[in-house]
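# Coordinate inspection notes
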Amino acid sequence: MQNVVQVCADTAWGAEGDGAITHDVEGVVEHGGVLCFPRLRFELADDERRLLNADVADGKAKNISLRGADDAVRGANPAHADALRRMIQRYRAQATTLAERLFPHYRGRLRPGNPSYRPVGVEGRVTSWRKDDTRLHVDSFPSNPMRGRRLLRVFHNLNPHGQPRSWRVGEPFEDFARRYVPAIPKPLPGSAALLHALHITKSRRSEYDHYMLQLHDRVKADLAYQRDAPQQAIDFAPGTTWVVYSDQVLHAAMGGQFMMEQTFYLEPTDLQTPASAPLAVLQRLLGRPLL
Ligand SMILES: [Fe+2]
């Protein structure tokens with residue numbers, strides 16, 4: 001399998017200049033690459049080191065995230081909520097600066113999602129095969145239809161004990177989709193309206209979302225594929241930042257603890273090469289529009 005990781009030597013998040021050397025790399029991520037910055041550190045203040053502890057979470061959620069216009073903290077032990085908010089807000093700001101520098105074509109088009117901090121280890125958090133992110137998958141969420149919108153994610157490993165974030169990444173999206181798409185039935189007539197009316201989905205599920213969810217579920221359920229399909233192991237050492245379209249790159253999180261994550265949404269029409277996006281690939285394979 002071709003190496004999908006492009007390693008970049010950047011040491012700064014900011015605009016082009018000293019230590020911030022990579023730019024105009026839309027094509028790398030749009031074609032399924034992983035941009036990896038082993039020297040791009042998210043620095044913690046001395047009094048934030050105490051947040052590198054699973055006890056700062058509320059014990060129920062696997063993520064601590066900021067929600068809404070007032071950045072309400074979700075999933076945290078209330079004693080640490082203010083410090084967590086400041087840390088996560090700073091990560092969002094740095095991830096935004098980085099994305100705008102790396103991808104000038106997207107400037108003004110990236111819409112930030114809820115940033116999160118994941119203080120709980122990957123091991124032992126699994127509740128069902130469908131939620132098991134140690135299995136290769138592309139990101140797709142049952143309640144949140146994307147209608148072709150992209151999921152660009154900026155991750156950082158904060159682990160203070162030298163533990164990497166260990167991923168597996170799989171074959172190119174089109175090769176993966178070709179294996180499963182022919183066997184996926186069309187959505188039942190009226191099902192999208194019903195799911196929306198029952199508030200199972202936050203908006204109407206498009207055919208695109210139907211196929212993306214089916215791909216997510218079918219590949220996770222296919223243990224032979226998980227074992228035998230082309231794949232590459234990647235260890236992201238502490239202090240590493242990485243950027244990827246997680247709706248396109250097959251990935252599995254095998255281990256690690258203490259990670260930052262910021263998602264950006266982008267309309268498929270704002271891509272530099274819309275033809276490489278999952279929406280375009282699926283439409284080509286099926287021979288019809290999915291929106
Ligand atoms: Fe994922």
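Everything here concerns the structure above.
Below is a short write-up of the structure.

Rules used throughout
- Starting afresh in each chain, residues are numbered from 1 along the sequence in its written order.
- Reporting of local features is limited, given that this is a predicted model, to residues whose pLDDT is at least 70; pairs of side-chain atoms are given and counted only at 80 or more, and all residues count toward the totals for whole chains, interfaces and linings.
- Here the side-chain values reflect all heavy atoms present in the structure, with hydrogen atoms and water set aside.
- Here a helix means four or more residues in a row that DSSP labels H or I, a strand means two or more in a row labelled E, and each is numbered from the N terminus.
- Contacts: residue pairs with any heavy atoms within 4.5 Å of one another.
- By convention a nonpolar core is built from buried Ala, Val, Leu, Ile, Met, Phe, Trp, Tyr and Cys residues, the set being connected through side-chain atoms within 4.5 Å.
- For every residue, the accessible area obtained with a 1.4 Å probe (protein chains only) is divided by the maximum for its type, and the residue is called buried under 20%, exposed over 50%, and partly exposed between those limits.
- Strand pairing is assigned whenever DSSP detects at least two bridges linking the two strands.
- Every axis in this analysis is a line fitted to C-alpha atoms, fitted for helices over the stretch in contact. Angles between the N-to-C directions lie between 0 and 180 degrees.
- The pairing test for Phe, Tyr and Trp rings, Trp by its six-membered ring, is centres within 6.5 Å, and the orientation test on the planes gives stacked under 30 degrees, edge-to-face over 60, and tilted for anything in between.

## What about the side chain of Thr 241?
Its location among the elements puts Thr 241 in strand β10 (residues 241-245). When neighbours within four sequence positions are excluded, Thr 241 is seen to be in contact with Trp 13, Leu 35, Cys 36, Phe 37, Leu 40, Leu 98, Val 154, Phe 155 and His 156.

## Notes on the nonpolar core
Counting 40 residues, the largest nonpolar core has Leu 35, Phe 103, Tyr 106, Tyr 117 and Val 243 as its most contacted members. Residue assignment for this core shows that the elements contributing at least two residues are β2 (34-37), β3 (64-67), α2 (81-102), β7 (150-157), β10 and β12 (259-266). If one sorts the elements of this core by residue count, α2 sits on top with nine residues. With 24 residues, the next largest nonpolar core counts Tyr 211, Ala 252, Tyr 265 and Val 281 among its residues.

## Structural notes on the sheet that holds strand β8 (residues 165-170)
What the three strands build is an open sheet, ordered β9-β8-β11; its pairing is antiparallel. In this open sheet, the two strands that pair with only one neighbour each are β9 (231-236) and β11 (251-255). If you compare each strand with its neighbour and ignore which way they point, the axes differ by 25° on average. The pairing of β8 with β9 spans six bridges and is classified as antiparallel. If you follow Arg 168 over to β9, its bridge partner there is Ala 233.

## A word on helix α7 (residues 278-286)
Considered for burial, the residues of α7 that qualify are Pro 278, Leu 279, Ala 280, Val 281 and Leu 282. At its buried positions, α7 is contacted by β7, α3 (173-180) and α5 (207-221). Residue Gly 287 follows α7 closely and has a positive phi angle near 70°.

## A look at the packing of aromatic side chains
The way to describe two aromatic rings as a pair is by their centre distance and the angle between their planes. In the structure shown here, the tally under the stated rule is twelve aromatic pairs. Note on Phe 155 and Trp 167: the rings are 5.4 Å apart at their centroids and 75° apart in plane angle, and the pair reads as edge-to-face. Of this pair, Phe 155 sits in strand β7 while Trp 167 sits in strand β8, and the two are twelve residues apart along the sequence. Trp 167 carries the same exposure label as Phe 155, and that label is buried. Between Phe 236 and Trp 242 the ring centres are 3.9 Å apart and the planes differ by 0°, which places this aromatic pair in the stacked class. Per residue, the accessibility class of Phe 236 equals that of Trp 242, and both read buried. What links up through ring pairs into an aromatic cluster is the set Phe 155, Trp 167, Phe 236 and Trp 242.

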